[in-house]
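# Structure assessment
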Amino acid sequence: MVKIAVAGGSGSVAQEIIDILVATKKHDISIFTRSDISAEVDPQSGVTYVKTDYASVQVLSSILQGTHTVLSFISPHKDQSGAFAAQKNLIDASVDAGVKRFAPSEWAAAKLEHLHWYEFKADTRQYLQDINSHKKAIEYCLFQPGLFINYLTRPYKSMEHIKALETPFDLHGRRLLVLDDADDARITFTTVNDLANVVAKAIEFEGTWPVIGGVRGTDLSIGELITLSEELRGPVKVEKLKASDLEAGTWSSSWVPKLEHPSISPEQVEVISKGLTAGLVLAFGDEVFHSSEEWNKLLPDYEFEDAKTFLAKTWQGKP
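Reading guide: rules and limits
Residues numbered from 1 in each chain as written. Predicted model: local features only at pLDDT ≥ 70, side-chain atom pairs only at ≥ 80, totals over all residues. Heavy atoms only, no water. UniProt positions renumbered as here; feature names shortened; annotations may be inferred. Helix = DSSP H or I, 4+ residues; strand = E, 2+ residues; numbered from the N terminus. Rg over C-alpha atoms; globule rule 2.2 N^0.38 Å. Buried < 20%, exposed > 50% of the residue type's maximum accessible area, 1.4 Å probe, protein only. Contact = heavy atoms within 4.5 Å. Areas by Shrake-Rupley, 256 points an atom, 1.4 Å probe, with all protein chains shown as cover. Lys, Arg positive; Asp, Glu negative; His and termini not counted. Charge placed at Lys NZ, Arg CZ, Asp CG, Glu CD. Expected span 1.5 Å × (residues − 1). Phe/Tyr/Trp six-rings, centres within 6.5 Å; stacked < 30°, edge-to-face > 60°. Lys NZ or Arg CZ within 6 Å of the ring centre and 35° of its normal. Core = buried A, V, L, I, M, F, W, Y, C linked by side-chain atoms within 4.5 Å.

The chain goes by NmrA-like domain-containing protein in an unreviewed UniProt entry, where it is assigned to Neocucurbitaria cava. What UniProt states about the chain under its Sequence similarities (unreviewed entry) heading is, verbatim, "Belongs to the NmrA-type oxidoreductase family. Isoflavone reductase subfamily."

## Thoughts on the overall build of the chain
Within the chain, the regular secondary structure consists of 10 helices and 14 strands. Expected size for 319 residues packed as a compact globule is a radius of gyration near 20 Å; at 20 Å, the chain falls within 12% of this value. The principal-axis extent of the C-alpha atoms belonging to the chain is close to 55 × 45 × 40 Å. By residue count, 50% of the 319 residues in the chain fall in the buried class. In the chain, of all internal contacts separated by at least 6 residues, the share reaching a separation of at least 24 is 76%. Element-wise, carbon and sulfur atoms account for 49% of the exposed surface of the chain, whose accessible area totals about 14900 Å². Charge-centre separation for the chain: the mean point of 32 positive side chains lies 2 Å from the mean point of 44 negative side chains.

## Regarding the environment of V211
Considering the arrangement of structural elements, one finds V211 in the loop between helix 5 (192-204) and strand 12 (212-214). According to the relative accessible area criterion, V211 is partly exposed, its value standing at 38%.

## So, helix 1 (residues 12-24)
Under the 1.5 Å per step criterion, the end-to-end length of helix 1 is 19 Å for 13 residues, consistent within 8% with the ideal 18 Å. The complete set of buried residues in helix 1 reads V13, A14, E16, I17, I18, I20 and L21. Against strand 1 (3-7), strand 2 (28-33), strand 4 (69-72), strand 8 (147-148) and helix 5 lie the buried residues of helix 1. Taken from the residues just after helix 1, K25 is the one with a positive phi, measuring 55°.

## Side note on the packing of aromatic side chains
The full count for this structure, using the stated rule, is 13 aromatic pairs. Each ring, one from F148 and one from Y151, has its centre 5.8 Å from the other, and the planes form 80°; the classification is edge-to-face. Taken together, the ring pairs in this structure connect F73, W107, F143, F205, W209 and W295 into an aromatic cluster. In this structure, K121 is placed above the aromatic ring of Y118, and the distance from its NZ or CZ to the ring centre is 4.6 Å.

## As for the nonpolar core
I17, F143, L152, F169, F189, F289 and W295 are the most contacted members of the largest nonpolar core, which has 78 residues in total. If you tally residues by element for this core, the top one is helix 5, at 8 residues. Membership of the second largest hydrophobic core comes to 23 residues, among which are L60, A83, A86 and F102.

This is the structure:
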């Protein structure tokens, strides 16, 4: 049993991983949150809640005393610099408190090109590299599962907490937005459940964590994804967009995925969604979401769920 601290524990991915960790009944889990703490917390769950704004390294260090592993799911609360500042303070506090392992807020793409909203992740990667360049300050791992296949079940839920977000791959509407001349580009699709199980096993892993922690469920090329979409949903409309138009912001399509989030005002949704869509289409075509397989090799007995099998179960019989 080890003591685990989860930063940004109210997020959907964090909650899925917390559920798996709680189910093991092996760990003492502290969840850090900016929100007020509900009085309705089950004392038998092994979970405690701590309210913090991540502003003080000293306060965080005192909270982290005796903690073995920190899992961060910090996301931009107001801006990119604020997210990095909070995560930097958490890293510094973890080092000061003698935390053994740290997982920064990754949980997605292997590379960050075209994903400007992940700027704080790039800053965090660099900071961790810098503080470990001369002498190991803390053991850390960048968990990178690629794109969650759960997003392709929208509008149907496939997990307790994860919301199936709109992406350029809309199986429900039988339509896809892809980069022109990028049919061979590969994307890693991993279920949230597989990621959560890998994290639980990684916490118990006795060896040293790899810095790059690729988690590979299924690799598909964009061409293979189009074929699979047709197998599952019948004819699909594929719109191929040019990189030059996407980069210039002059592209157009018959539809645009909508990013609806509490932090985005209704009047901003359309503009922001178009920018995010352009970035994603470019990223998919540039294999930004193609993960390596470090954890697959370190956990050879773990069987990942195949993307085709997972999607077939969801879409069978659906209109």
